[in-house]
Amino acid sequence: MKKHWKSLFVVTLVLVFALTSLAAFSAQTVREETVIYTGISWAPPNNWNPLYHNPQTGTVGLMYDPLFHFNPHTGEWIPFLAAEEGEWIEDDVFYVKLREEAKWHDGVALTANDVVFTYQIANEVNLFYSSIWNYLGDVVAISETEVEFHFDRPNYQQWQTYLYAQPIVPEHIFSEIPKGDLANITNEDAIGSGPYTIGEAREDRMIWERVDDWWGNDVHGQPGPRYVEDVLVFGNNIALGMLLQRELDVSNNFLPGTPAIVATPEYAVTTYFDEAPYHLSGNTGLLYLNTRKPGLDDPVFRRALAFAVNSEEIINRTYQGAALPACPSGLFGAWAEYRSEEAVQEHGFNFDPGYAKQILDEAGYVDSNDDGWRNSPEGEDLSFTLQVPAGWSDWENIISIAAENFRAIGVNAEANFVDQTIYNDQMWGGEFDIVFNDYATQISGTPYTYFEAVAYHGIDSDEVTQGNFGRYDNQELFDLISDFNMVPADSDDAYEIAAEIQAIIMQDMPVIPVMLNPTYSQALETYWTNWPSADNPNGIAVGWGGLWQMGGTQTLLNLEPVQ
């Protein structure tokens, strides 16, 4: 297998050097002052509005700050705009004290009124976070630097994510914008509070420029790079070529041949771990099974499929070991604290195609018409399509192997690659058999995120975009997830309910956890050093959306120039 990797790697390098023609350096780039990323953005920058649901990555975390940063792998909360840890001072009242030093880029003090304004406008205008007012009763500034959140129903688990995901916006700027335009402006003249601001937006890159008189310099430290360039590269092999030619500092792309690259001293490429799995895990890759399709509507059949999937083969053939198999519970990172080993032991699964066949035989899924494929107990033909977006080469490989695994136990299955827009529409519309996806499982501060990704209750809409794409219907489980949301983190009740949830999910198998998708980070120390690593866990060198405030910005705060 290693020989195969090396041969593939050599061929790949020949191709990437031939293909690489895009220089990462802009004409004005001063390399000693600039850190260059790829694999973050996939479209030209055009929106920096933190009230828009999908602004340019970096808008939140680099330019607009949340109250806290959170490291999902160490579980560490870092008060950012907040001065100290938040506190539940009553069962339904959460208290936050702000840093007195905090200022907007125009010098105006950042106060409790800005926090109140940020949340109040979502109660007056339909914004992407307006749903918080389904359980938030009021937000009150009790001094210039103190805020209380009064909840009608304290959804403790969901609230944790708001603390690091919700950026605070300046009242003195956004209150001047007509409310109907708040979510629509592009905000080119942004006034933020973070360590960076808009430097330049080009068709092929976003350039963030350091705010040299940032209020946080004396609190959090000044970031090393004066500029952060986020270069658009539409091909993993091109990114690989640019990295090996020293045109980048860090690639967040999936790079084929990572083990061989890291093992070659001349390339001097570093990853978070020196050996497999090389990268931190970012989310749980799931096979969503459409529970409204014949066959897939049977939990026994779904469970048999779980025993047929060879995650180790998928990881080795697709990522050359640069990933980890998922626990049957799907939980990892900060979520693993809630993992019920008892539930995993009793209801988990492992690769065992012989047992998968036994389950199907005993349930009556046999080849009743001698065509080589298993039929339903009623004799109906069963066939399934596994689907991912075309061109997502690693995902294409994953479902190709999974389809092979299913065929090996007599289940007629084939892989299909379609345009991403079609893939999304069909997944959200429930018009699929099986899809591989990780959109809703990004690591967070609470396993509530994962539970919702698997068994989100709102399954009767025309489009289901928040998880449970297979529209698995189990009111008992929906109620348990709601109960989990209502108990404080780290409480005995939280652990007990989480164990019940995991047991039901693993018995009914609406999804098959396949693998933990890596947060790819391949870095060079040509210009910058002190990158995060297992021995130096000072952040996560990944700039994907939502990750700047989950370790990405901490990386920039700790980077040091080589010279």
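Residues numbered from 1 in each chain as written. Predicted model: local features only at pLDDT ≥ 70, side-chain atom pairs only at ≥ 80, totals over all residues. Heavy atoms only, no water.

(A) Here's a closer look at the overall build of the chain. When helices and strands are tallied, the chain shows 16 helices and 21 strands. Compactness check: the chain gives a C-alpha radius of gyration of 24 Å against a globular reference of 24 Å for 563 residues, within 12% of the reference. When the backbone C-alpha atoms are referred to their principal axes, the chain occupies close to 75 × 60 × 40 Å. Expressed as a percentage of its 563 residues, the buried residues of the chain come to 58%. Counted over contacts in the chain with a minimum sequence separation of 6, partners at least 24 positions apart contribute 70%. Put simply, the chain shows about 22,200 Å² of open surface, and 46% of that area lies on carbon and sulfur atoms. (Helix = DSSP H or I, 4+ residues; strand = E, 2+ residues; numbered from the N terminus. Rg over C-alpha atoms; globule rule 2.2 N^0.38 Å. Buried < 20%, exposed > 50% of the residue type's maximum accessible area, 1.4 Å probe, protein only. Contact = heavy atoms within 4.5 Å. Areas by Shrake-Rupley, 256 points an atom, 1.4 Å probe, with all protein chains shown as cover.)

(B) Focus on the packing of helix α13 (residues 448-455) against helix α14 (residues 475-485). Here α13 crosses α14 at 160°, and the two axes come no closer than 11 Å. It follows that α13 is roughly antiparallel to α14 by the angle criterion. Relative to α14, the crossing made by α13 is left-handed. In contact with Tyr448, Phe451, Glu452 and Ala455 of α13, α14 contributes Leu477, Phe478, Ile481, Phe484 and Asn485. Of the residues in the contact of α13 with α14, the class split is 7 nonpolar, 1 polar and 1 charged. (Axes fitted to C-alpha atoms, helices over the stretch in contact; angles between N-to-C directions. Parallel < 35°, antiparallel > 145°, perpendicular 65-115°, else oblique. Left-handed = near helix turned anticlockwise from the far one by under 90°. Nonpolar A, V, L, I, M, F, W, Y, C, P; charged D, E, K, R; others polar.)

(C) Main features of the sheet that holds strand β13 (residues 280-289). An order of β14-β18-β13-β17-β15-β16 is seen for the 6 strands of this open sheet, with the pairing classed as mixed. Edge positions in the open sheet fall to β14 (324-325) and β16 (412-418), since each of these has one partner strand only. Of the pairings in the sheet, the one linking β13 to strand β18 (residues 511-519) comprises 8 bridges and is antiparallel in character. Along β18, the bridge assignment pairs Asn283 with Asn517. Across the sheet, α13 touches β13 and β18, and the angle it forms with β13 is around 20°. (Pairing = 2+ DSSP bridges.)

(D) How the structure looks around the packing of aromatic side chains. Scanning the model with the defined rule gives 37 aromatic pairs in all. Aromatic pair Trp77 and Tyr164: ring centres 5.7 Å apart, planes at 55°, arrangement tilted. Of this pair, Trp77 sits in strand β3 (residues 76-79) while Tyr164 sits in helix α3 (residues 156-165), and the two are 87 residues apart along the sequence. Take Tyr164: its relative accessible area is 4%, and that puts it in the buried class. (Phe/Tyr/Trp six-rings, centres within 6.5 Å; stacked < 30°, edge-to-face > 60°.)

(E) Here's a closer look at the nonpolar core. Core analysis: the largest hydrophobic core is formed by 80 residues, its most contacted members being Leu287, Phe406 and Ile512. Top contributing element to this core by residue count: helix α11 (residues 393-408), with 7 residues. If we ignore the near neighbours within four places in the chain, the residues touching Phe406 are Leu287, Leu305, Ala308, Val309, Leu386, Val411, Ala413, Ile434 and Ile512. The next biggest cluster of nonpolar side chains, apart from the first, holds 63 residues, and it includes Phe80, Leu110, Ile132 and Val169. (Core = buried A, V, L, I, M, F, W, Y, C linked by side-chain atoms within 4.5 Å.)

(F) α11, seen in detail. Taking 1.5 Å as the rise per residue, α11 with 16 residues should run 22 Å; its terminal C-alpha atoms sit 23 Å apart, in good agreement. Within α11 the residues assigned to the buried category are Asp394, Trp395, Glu396, Ile398, Ile399, Ile401, Ala402, Ala403, Asn405 and Phe406. Among the residues trailing α11, Gly410 stands out with phi positive, at a value near 90°. (Expected span 1.5 Å × (residues − 1).)

(G) Quick peek at empty space enclosed by the protein. Under the defined criterion, the tally for this structure stands at 3 cavities of 30 Å³ or more. Estimated volume of the largest cavity: approximately 100 Å³. Residue lining of the largest cavity: 15 residues in total, with Thr271, Tyr272, Ser521, Pro532 and Ala541 positioned closest to the centre. Here the lining of the largest cavity is built from residues that sort into 9 nonpolar, 6 polar and no charged. (1 Å grid on protein atoms, 1.4 Å probe; cavity = no way out; pocket = protein on both sides within 12 Å on 5 of 7 lines; lining within 4 Å. Points joined across faces, edges and corners; volume = space filled by probe spheres on them.)

(H) Structural view of the environment of Ser41. Tracing the sequence through the fold places Ser41 in the loop between β1 (34-38) and β2 (68-71). With relative accessibility at 7%, the residue Ser41 sits in the buried group. Considering only alpha carbons, one finds Ser41 and Leu232, 191 residues apart in sequence, at a separation of 5.8 Å. With sequence-adjacent residues up to four places away left out, Ser41 is seen in contact with Gln56, Thr57, Asp230 and Leu232. Among the polar contacts made by the side chain of Ser41, one reaches the side chain of Gln56 at a distance of 2.9 Å. Polar contacts involving the side chain of Ser41 include one to the side chain of Asp230, which spans 2.4 Å. (Polar contact = N/O pair within 3.5 Å; in protein donor to acceptor, adjacent residues only side chain to side chain.)

(I) Structural context of unusual backbone geometry. Of note, the amide linkage connecting Ala276 to Pro277 takes the cis form, showing an omega dihedral of 15°. Within the secondary structure, Pro277 sits in the loop between β12 (269-270) and β13. Positive phi, normally seen in glycine, also occurs at Asn530, with a value near 70°.

(J) Highlighting helix α5 (residues 236-244). Within α5, the full set of buried residues consists of Ala239, Leu240, Gly241, Met242, Leu243 and Leu244. Looking one or two residues beyond α5, the residue adopting positive phi is Arg246, at roughly 65°.

(K) Region of the structure containing the pairing of strand β7 (residues 146-151). The sheet contact formed by strand β5 (residues 93-97) and β7 spans 5 bridges and is antiparallel. Each bridged residue has a counterpart across the sheet, and for Val93 the counterpart in β7 is His150. Across 6 bridges, the pairing between strand β6 (residues 136-143) and β7 is antiparallel. Pairing of Leu136 across the sheet is with Phe151, part of β7. Connecting β6 to the antiparallel partner β7 that follows it, the hairpin turn spans 2 residues.

(L) Region of the structure containing the sheet that holds strand β11 (residues 250-251). Strand order in the open sheet formed by 7 strands is β8-β9-β10-β1-β11-β19-β12, and the pairing between neighbours is mixed. Each end of this open sheet is capped by a strand with a single partner; those strands are β8 (196-202) and β12. By the bridge criterion, 2 bridges tie β1 to β11 in an arrangement that is parallel. Bridged to Tyr37 within β11 is Val250.

(M) Structural context of the packing of helix α7 (residues 299-308) against helix α10 (residues 353-363). Interaxial distance between α7 and α10 falls to 7 Å at its minimum, and their mutual angle equals 165°. Considered as vectors, α7 and α10 are oriented roughly antiparallel to each other. Here α7 and α10 pass one another in a crossing that is left-handed. In this structure, α7 uses Val300, Phe301, Ala304, Phe307 and Ala308 to contact α10, whose residues at the interface are Pro353, Tyr355, Ala356, Ile359, Leu360 and Ala363. Its residues assigned to classes, the contact of α7 with α10 shows 11 nonpolar, no polar and no charged.

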